[in-house]
Amino acid sequence: MSYVDEVLAQVKEKNASEPEFLQAVEEVLNSLRPVIDANEELYRREAVLERITEPDRMIMFRVPWVDDNGQVQVNRGYRVQFNNAIGPYKGGLRLHPSVNLGIIKFLGFEQIFKNSLTSLPIGGGKGGADFDPKGKSDREIMAFCQSFMNELYKYIGADVDVPAGDIGTGAREIGYMFGQYKKIRGVFEGVLTGKGLTYGGSLARTQATGYGLLYFTREMLKSNNDDIAGKTVAVSGAGNVAIYAIEKAYQMGAKPVTCSDSTGWIYDPEGIDLALLKEIKEVKRARLTEYAAARPSAEYHEGKGVWSVKCDIALPCATQNELHLEDAKMLVANGCMAVAEGANMPTTLDATKYLQENGVLFAPGKAANAGGVATSALEMSQNSERLSWSFEEVDSKLESIMINIFHNLDDAAKRYDKAGDYVVGANIAGFEKVVTAMMAQGVC
Ligand code: NDP
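Residues numbered from 1 in each chain as written. Predicted model: local features only at pLDDT ≥ 70, side-chain atom pairs only at ≥ 80, totals over all residues. Heavy atoms only, no water.

Draft legend 1. Broad picture of the side chain of Asn 15. The residue Asn 15 is located in the loop between α1 (3–14) and α2 (19–31) in this model. In this structure Asn 15 touches Phe 21, Leu 22 and Lys 105, once residues within four positions along its chain are discounted. (Helix = DSSP H or I, 4+ residues; strand = E, 2+ residues; numbered from the N terminus. Contact = heavy atoms within 4.5 Å.)

What follows is the structure, given as structure tokens:
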């Protein structure tokens, strides 16, 4: 049995109840085969794959808080510190009822390679809780965030582990958590990113993941002799990533025609009204039914369906496993030529394979959505030097980073005779740097 197959079997046996984690490990290890096979003896002796698939530590804790009726609620909090070979752990905090250990492990594992691809010194981690911020008052959100930090503070720090936002964790939640950390530790340090601009946040962090996704997609198209201008774009999600992907798509001359949330989706053939979408999602925190009510050109549909719309480019920006094989078939049948993942692992393995086999350019999330964490690392740099850079400075660094990521993985794919396979390229390029650092640091 090959070393990769041996480790895959072990990981499956040890983590049988964590399908998302197994899916992520399977994708990464399978695409690393050419690298591992070429150095099998060395990697096996060093147990490189066993080490990289086992987190440094997994922290789980009780988060008690009091709701507006005086009732005590209890959630489960998580922080998985996966790998710090190239820098302090870095990765977001997800607040969503679906959160469990397997989901946090999959996200933390992906984060190792994503962070490596940014070329910045950050390791991989992820955290969160099975808490649902939807429908909660500001006071309840604050009570939850303070209680969450009452435990998490023990494990994080500006040079140790620097969490950030993710689904359900935006500027409001980061603010409450930062305030509590400061109160408990008595230090003002860059322990979280995605902070407000008045207390150490970075300009362009809010836009970074969506903008970065479009910088990456444009570079991928350019390298395939095409351009974004004039293209019709289908976007899923209506959160931070989706909104700023839509904004940058417009700036690049494309037309985004869809968006979605967990209850339904919008098809707006005239192009999504960005100001209206921001008002509904960022200000009112309301549902997309309000968008349809205010916009005569838009159709609202319950459930899922964004991928049934005819488009040139698809940008899944909501959550994991939201683009299935049947969706991939519809996209191909409708002439879609590129899929770039804004969310983490939104495309299932069989859907990815189908898209690639049918000539669709496919950009995996760990590369295409790395703009968020890259800009978080730029926020860390600004905090360390106690300076703030201008929007243009951060944005132009972000653009260079995304262009660089594309060429990094494009070159890695070519080196292993897999030209155009950006999944393989991203995994190999991310892995090479981390593994070199791990081996240089000995068995630890
Ligand atoms: P937000 O919470 O801002 O938005 C998420 C969007 O996706 C919302 O419209 C939400 O709808 C929808 N959504 C969430 N879960 C589900 C679900 N189970 N089914 C259907 N729709 C769902 O999150 P972000 O935009 O920050 O994150 C989106 C994705 O991008 C995630 O995969 C995240 O890990 C990834 N990502 C985010 C980065 C960032 O900087 N924010 C960086 C890199 C990756 P509703 O409001 O109804 O729940």
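Draft legend 2. Just a nonpolar patch on the surface, in detail. On the surface, a nonpolar cluster with roughly 250 Å² of combined accessible area is contributed by Val 66, Val 72 and Val 74. Along the chain, the position of Val 74 falls in strand β2 (residues 72–83). (Patch = residues over 30% accessible without salt bridge, like charges linked within 9 Å, V, L, I, M, F, W, Y side chains within 5 Å. Areas by Shrake-Rupley, 256 points an atom, 1.4 Å probe, with all protein chains shown as cover. Salt bridge = Lys/Arg side-chain N within 4 Å of Asp/Glu carboxyl O.)

Draft legend 3. Focus on the packing of helix α13 (residues 325–333) against helix α14 (residues 349–357). α14 packs onto α13 with a crossing angle of 20° between their chain directions and a minimal axis gap of 8 Å. In this view, α13 runs roughly parallel relative to α14, as classed from their interaxial angle. Read as a crossing pair, α13 and α14 show a hand that is right-handed. The residues of α14 that touch α13, namely those facing Leu 325, Ala 328, Lys 329 and Val 332, are Asp 350, Ala 351, Tyr 354 and Leu 355. The residue makeup of the contact of α13 with α14, split by class, is six nonpolar, no polar and two charged. (Axes fitted to C-alpha atoms, helices over the stretch in contact; angles between N-to-C directions. Parallel < 35°, antiparallel > 145°, perpendicular 65-115°, else oblique. Left-handed = near helix turned anticlockwise from the far one by under 90°. Nonpolar A, V, L, I, M, F, W, Y, C, P; charged D, E, K, R; others polar.)

Draft legend 4. Structural context of the site of the ligand. Taken together, 25 residues lie near the ligand, and Asp 166, Thr 209, Ser 262, Arg 287 and Asn 344 sit nearest. Gly 168 has a polar backbone atom sitting 3.1 Å from an oxygen atom of the ligand. Protein chains bury 84% of the 890 Å² of accessible surface belonging to the ligand in isolation. (Near = heavy atom within 4 Å. Polar contact = N/O pair within 3.5 Å; in protein donor to acceptor, adjacent residues only side chain to side chain.)

Draft legend 5. Main features of the sheet that holds strand β1 (residues 57–66). Pairing is mixed across the open sheet formed by five strands, whose spatial order is β1-β2-β4-β3-β5. Only two strands of the sheet have a single neighbouring strand rather than two, namely β1 and β5 (161–164). Between one strand axis and the next, the sheet turns through 20° on average, direction left out of account. Docked against the sheet, helix α7 (residues 138–152) engages β1, β2, β3 (89–95), β4 (123–129) and β5, running at close to 140° with respect to β1. (Pairing = 2+ DSSP bridges.)

Draft legend 6. Representation of the packing of aromatic side chains. Applying the stated criterion to the full structure yields 15 aromatic pairs. Taken together, a centroid distance of 3.9 Å and an interplanar angle of 5° make the contact between Phe 131 and Phe 144 stacked. Of this pair, Phe 131 sits in the loop between β4 and α7 while Phe 144 sits in helix α7, placing them 13 residues apart in sequence. Relative accessible area serves as the criterion here: at 0%, Phe 144 is assigned to the buried category. The side chain of Lys 105 reaches across the aromatic face of Phe 21, ending 4.5 Å from its centre. Geometry around Phe 131 places Lys 136 over its ring, the cationic atom sitting 5.2 Å from the centre. (Phe/Tyr/Trp six-rings, centres within 6.5 Å; stacked < 30°, edge-to-face > 60°. Buried < 20%, exposed > 50% of the residue type's maximum accessible area, 1.4 Å probe, protein only. Lys NZ or Arg CZ within 6 Å of the ring centre and 35° of its normal.)

Draft legend 7. Highlighting the layout of surface pockets. In this model, the second largest pocket occupies a volume close to 380 Å³. Within the residue set of the lining of the second largest pocket, elements represented by two or more residues are α2, α3 (33–38), α14 and α18 (422–440). The element that contributes the greatest number of residues to the lining of the second largest pocket is α14, accounting for six residues. (1 Å grid on protein atoms, 1.4 Å probe; cavity = no way out; pocket = protein on both sides within 12 Å on 5 of 7 lines; lining within 4 Å. Points joined across faces, edges and corners; volume = space filled by probe spheres on them.)

Draft legend 8. How the structure looks around the environment of Met 177. With respect to the element layout, Met 177 can be found in helix α8 (residues 171–185). Sequence separation between Met 177 and Phe 148 is 29 residues, and the spatial gap between their C-alpha atoms is 7.7 Å. Leaving out residues up to four positions away in the same chain, Met 177 has contacts with Leu 93, Leu 95, Cys 145, Phe 148, Met 149, Thr 169 and Leu 192.

Draft legend 9. Inspection of the nonpolar core at higher detail. Grouped together as the largest cluster of nonpolar side chains are 105 residues, with contacts concentrated most on Phe 216, Leu 315 and Phe 431. For this core, the leading source of residues is α18, giving 10 residues. Each residue touching Phe 431, except ones within four places of it in the same chain, is listed here: Leu 32, Val 35, Ile 36, Tyr 43, Val 48, Leu 49, Ile 52 and Phe 113. One finds Ile 59, Trp 65, Phe 144 and Phe 178 within the second-largest nonpolar core, a separate group that totals 22 residues. (Core = buried A, V, L, I, M, F, W, Y, C linked by side-chain atoms within 4.5 Å.)

Draft legend 10. Main features of α1. Its 12 residues place the ends of α1 17 Å apart at the C-alpha level, agreeing with the 16 Å of an ideal helix rising 1.5 Å per residue. Along α1, the positions that sit buried rather than exposed are Tyr 3, Val 4, Val 7, Leu 8 and Val 11. One side of α1 carries all its buried residues, which in axial view fall inside an arc of 130°. (Expected span 1.5 Å × (residues − 1). Arc of directions from axis to C-beta.)

Draft legend 11. Summary view of the state of the cysteines. Scanning all chains against the criterion turns up zero disulfides. Among the cysteines around Cys 311, which has no disulfide bond, Cys 336 carries the closest sulfur, lying 4.3 Å off. You can call Cys 336 buried: its relative accessible area is 7%. (Disulfide = S-S within 2.5 Å.)

Draft legend 12. Fine view of the pattern of salt bridges. Applying the stated criterion across every chain yields a total of 28 salt bridges. Residues Asp 161 and Arg 79 are paired through a salt bridge, measuring 2.7 Å at the closest nitrogen-oxygen approach. With Asp 161 in strand β5 and Arg 79 in strand β2, this residue pair connects regions lying 82 residues apart in the sequence. Neither Asp 161 nor Arg 79 differs from the other in exposure class; each is buried. A salt bridge links Asp 226 to Lys 231; the shortest N-O distance between them is 2.8 Å. Here Asp 226 falls in the partly exposed class, since its relative accessible area comes to 31%. With relative accessibility at 14%, the residue Lys 231 sits in the buried group.

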